[in-house]
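What follows is each chain in one-letter form.
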Amino acid sequence: MRSTKTIHVVSAHAEGEVGDVIVGGVQPPTGDTIWEQRAFIAQDQTLRNFVLNEPRGGVFRHVNLLVPPKHPEADAAFIIMEPEDTPPMSGSNSICVSTVLLDSGIIPMQEPETRLTLEAPGGLVRVRAECKNGKAERIYVQNLPSFADKIAVPLEVQGLGAITVDTAYGGDSFVVVDASALGFNIVADEARDIARMGVAITNAANEQLGFTHSQNSDWNHISFCAFCGPLEKTANGLTGKSAVAIQPGKVDRSPTGTAVSARMALMAAKGQMTVGQTFEAISIIGSRFTGRIVERTHVGDRVAIIPEISGRGWITGTHQHMLDPDDPWPGGYKLSDTWGG
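The sections below set out a description of the structure shown in this document.

Basis of the calculations
- Sequence order as written defines residue numbering, which begins from 1 separately in each chain.
- Local features in a predicted model are, by the rule used here, given only for residues with pLDDT of at least 70; side-chain atom pairs are given and counted only at 80 or more, and totals for whole chains, interfaces and linings are based on all residues.
- Calculation of side-chain values draws on the structure's entire complement of heavy atoms; hydrogens and water are dropped beforehand.
- Going along the chain from the N terminus, every DSSP run of H or I of four or more residues is numbered as a helix, and every run of E of two or more is numbered as a strand.
- The contact definition used throughout considers only heavy atoms, calling two residues in contact when any of these lie within 4.5 Å.
- When DSSP finds at least two bridges between two strands, those strands are taken to pair.
- By definition, a salt bridge exists where a carboxyl oxygen of Asp or Glu is found within 4 Å of a side-chain nitrogen of Lys or Arg.
- Partly exposed describes any residue whose relative accessible area lies between the buried limit of under 20% and the exposed limit of over 50%, with all areas from a 1.4 Å probe on protein chains only and scaled to the type maximum.
- Between 30 and 60 degrees the pair is tilted, below 30 it is stacked and above 60 it is edge-to-face, where a pair is any two Phe, Tyr or Trp rings, Trp via its six-membered ring, whose centres lie within 6.5 Å.
- Criterion for a charge above a ring: Arg CZ or Lys NZ at most 6 Å from the ring centre, at most 35 degrees from the ring normal.
- Handedness rule for crossovers: strands pointing away from the viewer, path from the first strand over the helix to the second running clockwise, crossover right-handed.

This brings us to the side chain of Asn53. Of note, Asn53 is situated in the loop between α2 (46-52) and β4 (63-67). Dropping the residues within four chain positions of it, Asn53 is found in contact with Arg48, Gly58, Gly331, Gly332, Tyr333, Lys334 and Trp339.

Moving on: the pairing of strand β10 (residues 161-169). Both faces of the sheet carry side chains from a regular strand, because those side chains alternate between them. With 8 bridges connecting them, strand β9 (residues 147-157) and β10 associate as antiparallel partners. Bridged to Leu155 within β10 is Ile163. Hairpin connection from β9 to β10: 3 residues lie between these consecutive antiparallel strands, with Gly159 at a positive phi of about 90°. Between β10 and the antiparallel strand that follows it, strand β11 (residues 173-178), lie 3 residues; Gly171 among them carries a positive phi value of about 100°.

A few words now on the pattern of salt bridges. In total, this model carries 17 salt bridges according to the counting rule given. Put simply, Arg2 and Asp326 hold a salt bridge, and the shortest N to O gap is 2.3 Å. One end of the pair, Arg2, is in the segment before β1 (6-14); the other, Asp326, is in the loop between β19 (313-322) and α6 (336-339), and 324 residues separate them in sequence. Classification of Arg2 by relative accessible area gives partly exposed; the value is 48%. For Asp326, a relative accessible area of 57% gives the class exposed.

Take the packing of aromatic side chains next. Enumeration according to the criterion identifies 7 aromatic pairs in this entry. With a centroid separation of 5.9 Å and an interplanar angle of 10°, the aromatic rings of Tyr169 and Phe211 are classed as stacked. Taken together, the residues span a long stretch of sequence, with Tyr169 in strand β10 and Phe211 in the loop between α4 (191-208) and β12 (224-228) at a distance of 42 residues. The same class applies to Tyr169 and to Phe211, which are both buried. Members of the aromatic cluster, connected to one another through ring pairs, are Phe147, Tyr169 and Phe211. When the ring centre of Trp35 is taken as origin, the NZ or CZ atom of Arg38, which lies over that ring, is 4.1 Å away.

On to the pairing of β11. Counting buried positions along β11 yields 5 of 6 residues, so the element is predominantly enclosed. Here β10 pairs with β11 via 4 bridges, running antiparallel. Directly across from Asp166, in β11, lies its bridge partner Val176. Relative to β12, β11 is paired through 5 bridges, and the arrangement is parallel. Residue Val175 lies in a different strand from β12, and its bridge partner there is Cys225. Chirality of the crossover, the property in question, places the unit of β11, α4 and β12 among those that are right-handed.

Cis geometry marks the peptide bond from Glu54 to Pro55; its omega dihedral reads 10°. Following the sequence through the fold, Pro55 ends up in the loop between α2 and β4. The amide bond that connects Glu111 to the next residue, Pro112, takes the cis arrangement and shows omega of 10°. Residue placement: Pro112 occurs in the loop between α3 (91-103) and β6 (113-120). One non-glycine residue, Glu15, lies in the positive phi region at around 50°. With respect to the helices and strands, Glu15 occurs in the loop between β1 and β2 (17-18). In this structure, Thr256 takes a positive phi of about 70° despite not being glycine.

If you want it as structure tokens, here you go:
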């Protein structure tokens, strides 16, 4: 087999959401910080196109690049490549990265518990993994500080009229809507409609509401729309269904760790949840993440929380992505039947 490049990938998913991990074949990108390296990948597009575009990728796929950490406390670092963005943090992807690091032996596993620190583009995240018989069975991720932005504000959406939304940050930026008010029960056969409506709501929110992170001026847009179902009380807190629409038009198969964090920040701001309580989020396929508010903090002048999310990840295979020198589509391609447009 001839190839002008060979990229080594361990494929994985976290509670249903694909989060592959590049473990070799790619040099660390240019940049003095992980954030600068993230920016290079986002602007350059070469690696993103190769691994995310068809025929190697697809709109369903996320790919994480392992890079040497910059922070002295970090054991490993990773850069997240989502279909249309290169974000500060991702809950499902951090679970996939942790699972691959431990289950493949890149970082030595200690049973019954392994602790490690990952450096995401948005900052350090602390990981605790429950391990048994050589498998990281459950990953706990202490996420970036999360906060409510706007609460109960009007938004005009073409085809829907005026709706009421919240916005929040949970390691990534969200517009949050009441699923039942829009006619959704968050079940599998609603996925196409949720994806399409979610993109329209996200685009409207960016045009009318906007978003600015006070400590990271580079992150100045809303990434996702979270459709949130009704809450029910549990012995330790709350539970509820949710579905997150991801650009250019897909629904997260997992409960979305950054959305769990953002929703807990909103619930804390509304007095529905406090430190120590848990929130069990249920995805459109019935998979679950558990969130917990570890403590309160501040992001600039905003009241914020430190959230912890937990879920399970599994390795699904290994791949070597190659490029034949005669391939007429070296950067791959996208078509609107799946990529929107």
